[in-house]
Amino acid sequence: MSSELRQDLVSGDWIIVSTNRKDRPRQFAKIFKKRKVSAKSGCPFEDPQKNGNPEPIFVYPKGAGKNDWKIQILGNKYPALSRPVNTCAPVFKNGPYTTTEALGYQDLAITRDHHKNFSDLPLIEATQVLKGFQERYNMILKDSCISYISIFQNWGPTAGASVYHPHYQSIAIPVVPLHIKISINGSDRFYKEHKKCVYCVMIEHEIKNKRRIIYENEEAVVFTPFFSESPFEVRVLPKKHFSYFEDTPEKALKGTAAALQYALKKVTKNLNDPDYNFFIHTAPIKNKEKHTHYHWHIEIRPKFFNIAGFELGTNLEINEVDPDKAAKILRK
Ligand SMILES: [Zn+2]
Ligand SMILES: [Zn+2]
Ligand SMILES: [Zn+2]
C-alpha cells in the first residue's frame, strides 16, 4: 500500500498513514530503553497520608483501614484547580479575553502494590480502579458547575508521571474541551445521517474484518483504529452501546477492565515496555439526553516522541506505522 490520507470517522479530521519505510514498525517496537524502577523506600504512595496527601475520599475494599486498603481514591496533593464551594465561578472579560476561576476536582486512585501496574493487578482490583472512578464521578456530577470529567493514566516520565508508583487520575472541569466537543458533534452528525452509532458501526466492521483486532471478550473489544493518529494507538470499547462511563453496569465494566489489561500487557510486551497514556472518552455531564448517540471508550497511546512542527501547525498527524501492522505486532 502507498501512503494514504484517512479521515477520522468521528471527528472528520484527517491523518496520513505513511508506509514508505517498511522497517518502521519494527524500529518503533525497539525504541524504548530499560525502564528505571524507582525504589519503594522513599515512594510517596507507600503510605500516602504520611507523605502529606489528603485523607482518602473512600477506599477499596470498602471499610478497609490504614493497613489493608488495596485502592485509595483521594484528592491530588498539588491540584491545578481549586475546589468549588457549591457555586459556579463568574466569567470575566479582560480586554478581548475571557477568563473564569479554574474550579474543579483533581483526584487520584492509588493501587497498593508498588510493582503492579494496571495489567498486573488481579482483575477484581483492575475493575475496582474503574469502579472507583465511576463512584467518584457520580459524586462529582452532583456539582452543577462541572461539565466534563477526564479519567486517565500517565505511565512513565515521558507520559507525564511524576511518581513511579502506579496511579490513575481524574480531572473535573467546568467547561467541555473543544476536542471532546468535536467528537460529540461528529458522533451526533453520524447518528442523524445513518440512524446508527458511529462506534457500534466501527466495532461491527472491525470484528468482521479481523485485521486490526487484538482481543475481544463477551463485553469488550480491542483494536487499532483504521485512522490511528500515532503509532500503535489502541482502542478499547465496550461492545454494548453505553454513552456514559458512569452508568455502565458492573459486568460490562469488568469485561472492559479485562480487555484494557490484555491490551496494556501486549503493549508492554511487544513494544519493549513503553511509557504510555490511556484515557477515557465519555459523554459530557450536562444535557445527558442529548448525548445518547455517543459510545464511551478508552484510548491507549504509547509515547514515542514529541509532536513535530507539521503536526503542531496543522493538527494533522503523520503515522509511520500502518494500523494493520501495528495490530499484527501487538497480537503476538
Ligand atoms: Zn510505591
Ligand atoms: Zn454505540
Ligand atoms: Zn476517543
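The rules behind each value
Residues numbered from 1 in each chain as written. Chains lettered and ligands numbered in written order. Predicted model: local features only at pLDDT ≥ 70, side-chain atom pairs only at ≥ 80, totals over all residues. Heavy atoms only, no water. Buried < 20%, exposed > 50% of the residue type's maximum accessible area, 1.4 Å probe, protein only. Helix = DSSP H or I, 4+ residues; strand = E, 2+ residues; numbered from the N terminus. Pairing = 2+ DSSP bridges. Axes fitted to C-alpha atoms, helices over the stretch in contact; angles between N-to-C directions. Parallel < 35°, antiparallel > 145°, perpendicular 65-115°, else oblique. Contact = heavy atoms within 4.5 Å. Nonpolar A, V, L, I, M, F, W, Y, C, P; charged D, E, K, R; others polar. Donors = N, O, S within 2.8 Å, 3.2 Å for Na, K, Ca; no water. Tetrahedral: all angles 85-135°; square planar, octahedral: opposite > 155°, others 65-115°. Salt bridge = Lys/Arg side-chain N within 4 Å of Asp/Glu carboxyl O. Expected span 1.5 Å × (residues − 1). Left-handed = near helix turned anticlockwise from the far one by under 90°. Disulfide = S-S within 2.5 Å. Patch = residues over 30% accessible without salt bridge, like charges linked within 9 Å, V, L, I, M, F, W, Y side chains within 5 Å. Areas by Shrake-Rupley, 256 points an atom, 1.4 Å probe, with all protein chains shown as cover. Lys, Arg positive; Asp, Glu negative; His and termini not counted. Charge placed at Lys NZ, Arg CZ, Asp CG, Glu CD.

### Some points on the pairing of strand β12 (residues 234-238)
Of all the five residues making up β12, five are buried; the element is thus mostly covered by neighbouring parts of the structure. Across four bridges, the pairing between strand β11 (residues 220-223) and β12 is antiparallel. From the neighbouring strand, V222 faces β12, where its bridge partner is V236. Relative to strand β14 (residues 297-302), β12 is paired through three bridges, and the arrangement is antiparallel. Following the sheet pairing, V234 is matched in β14 by I300.

### Concerning the packing of helix α5 (residues 250-270) against helix α7 (residues 323-331)
Where α5 contacts α7, the two axes come as close as 8 Å, and the packing angle between them is 90°. Viewed along their axes, α5 and α7 adopt a mutual orientation that is roughly perpendicular. Only I329, L330 and R331 of α7 make contact with α5, whose side of the interface consists of K266, V267 and N270. Across the contact of α5 with α7, the residue classes tally to three nonpolar, one polar and two charged.

### Considerations on the coordination of the zinc ion (ligand 2)
Only C197 (SG), C200 (SG), H241 (ND1) and H295 (ND1) from the protein reach the zinc ion (ligand 2) as donors, at distances of 2.0 to 2.3 Å. Coordination at the zinc ion (ligand 2) is tetrahedral: its four donor atoms span angles of 104 to 114° at the metal. Linear spacing of the donor residues for the zinc ion (ligand 2) on their chain is C-x2-C-x40-H-x53-H. Of this pair, C197 sits in the loop between α3 (178-194) and α4 (198-209) while H295 sits in the loop between β13 (276-281) and β14, placing them 98 residues apart in sequence.

### Focus on the pattern of salt bridges
Inspection of the entire model under this criterion finds 22 salt bridges. Here E206 ties to R212 by a salt bridge, and the two come within 3.1 Å at their closest N and O atoms. For the pair formed by E206 and R212, the shared burial category is buried. As a salt-bridge pair, R212 and D324 come within 2.8 Å of each other at their nearest N and O atoms. Here R212 is found in the loop between α4 and β10 (213-216), whereas its partner D324 is found in helix α7, with 112 residues between them in sequence. By the burial criterion, R212 is buried, and D324 matches it. A network of salt bridges, in which partner residues are shared, links E229, E233, R235, E299 and R301.

### Structural notes on helix α2 (residues 123-140)
The α-helix advances 3.6 residues per turn, and as a result positions three or four apart in sequence lie on the same side. Counted at 1.5 Å a residue, the expected span for α2 with its 18 residues is 26 Å, and the 26 Å between its end C-alpha atoms agrees. Buried within α2 we find E125, A126, T127, Q128, V129, L130, G132, F133, Q134, R136, Y137 and I140.

### Re the packing of α2 against α5
Geometry of a packed helix pair, given as the angle between the helix axes and the separation of the axes. In the contact formed by α2 and α5, the axes pass within 9 Å of each other and the chain directions differ by 120°. Classified by the angle their axes make, α2 and α5 are oblique. Between α2 and α5 the crossing geometry is right-handed. Packed against α2, whose contacting residues are L123, A126, T127, L130, K131 and Q134, the element α5 presents E250, L253, K254, A257, A258 and Q261 at the interface. Of the residues assigned to the contact of α2 with α5, the class counts are six nonpolar, three polar and three charged.

### Things to note about the coordination of the zinc ion (ligand 1)
Each donor-metal-donor angle in an ideal tetrahedron of four donors is 109.5 degrees, and each such angle in an ideal octahedron of six donors is either 90 or 180 degrees. The zinc ion (ligand 1) binds to the protein through C43 (SG), E46 (OE), H114 (ND1) and H165 (ND1); the donor distances cover 2.0 to 2.3 Å. Given four donor atoms and angles of 99 to 126° at the metal, the environment of the zinc ion (ligand 1) is assigned as tetrahedral. Each donor residue of the zinc ion (ligand 1) lies on the same chain, and together they follow the pattern C-x2-E-x67-H-x50-H. Of this pair, E46 sits in the loop between α1 (24-28) and β3 (58-60) while H114 sits in the loop between β7 (105-111) and α2; the two residues are 68 residues apart in sequence, bridging distant segments of the chain.

### Observations concerning the state of the cysteines
All chains considered together, the criterion is met by one disulfide. The side chain of C88 participates in a disulfide bridge whose partner is C145; the two sulfur atoms lie 1.8 Å from each other. With the S-S dihedral at roughly -95°, the linkage between C88 and C145 falls on the left-handed side. Taken as a pair, C88 in the loop between β4 (71-75) and β5 (91-94) and C145 in the loop between α2 and β8 (148-155) lie far apart in primary sequence, 57 residues in all. Its relative accessible area of 9% is what places C145 among the buried residues.

### Overview of a positive patch on the surface
Judged by side-chain charge, K22, R26, K30, K269, K325, K328, R331 and K332 come together as a positively charged surface patch. The element best represented in the positive patch is α7, accounting for three residues. Its place among the elements puts K30 in the loop between α1 and β3.

### Some points on the sheet that holds strand β1 (residues 4-7)
One open sheet holds the three strands; their spatial order is β1-β2-β15, and the pairing between them is mixed. Lying at the two open borders of the sheet, with one neighbouring strand each, are β1 and β15 (317-319). Neighbour-to-neighbour, the strand axes of the sheet open up by a mean angle of 30°, direction not taken into account. Bridging between β1 and strand β2 (residues 14-17) involves four bridges; their strand directions are antiparallel.

Structural measurements only, silent on function.
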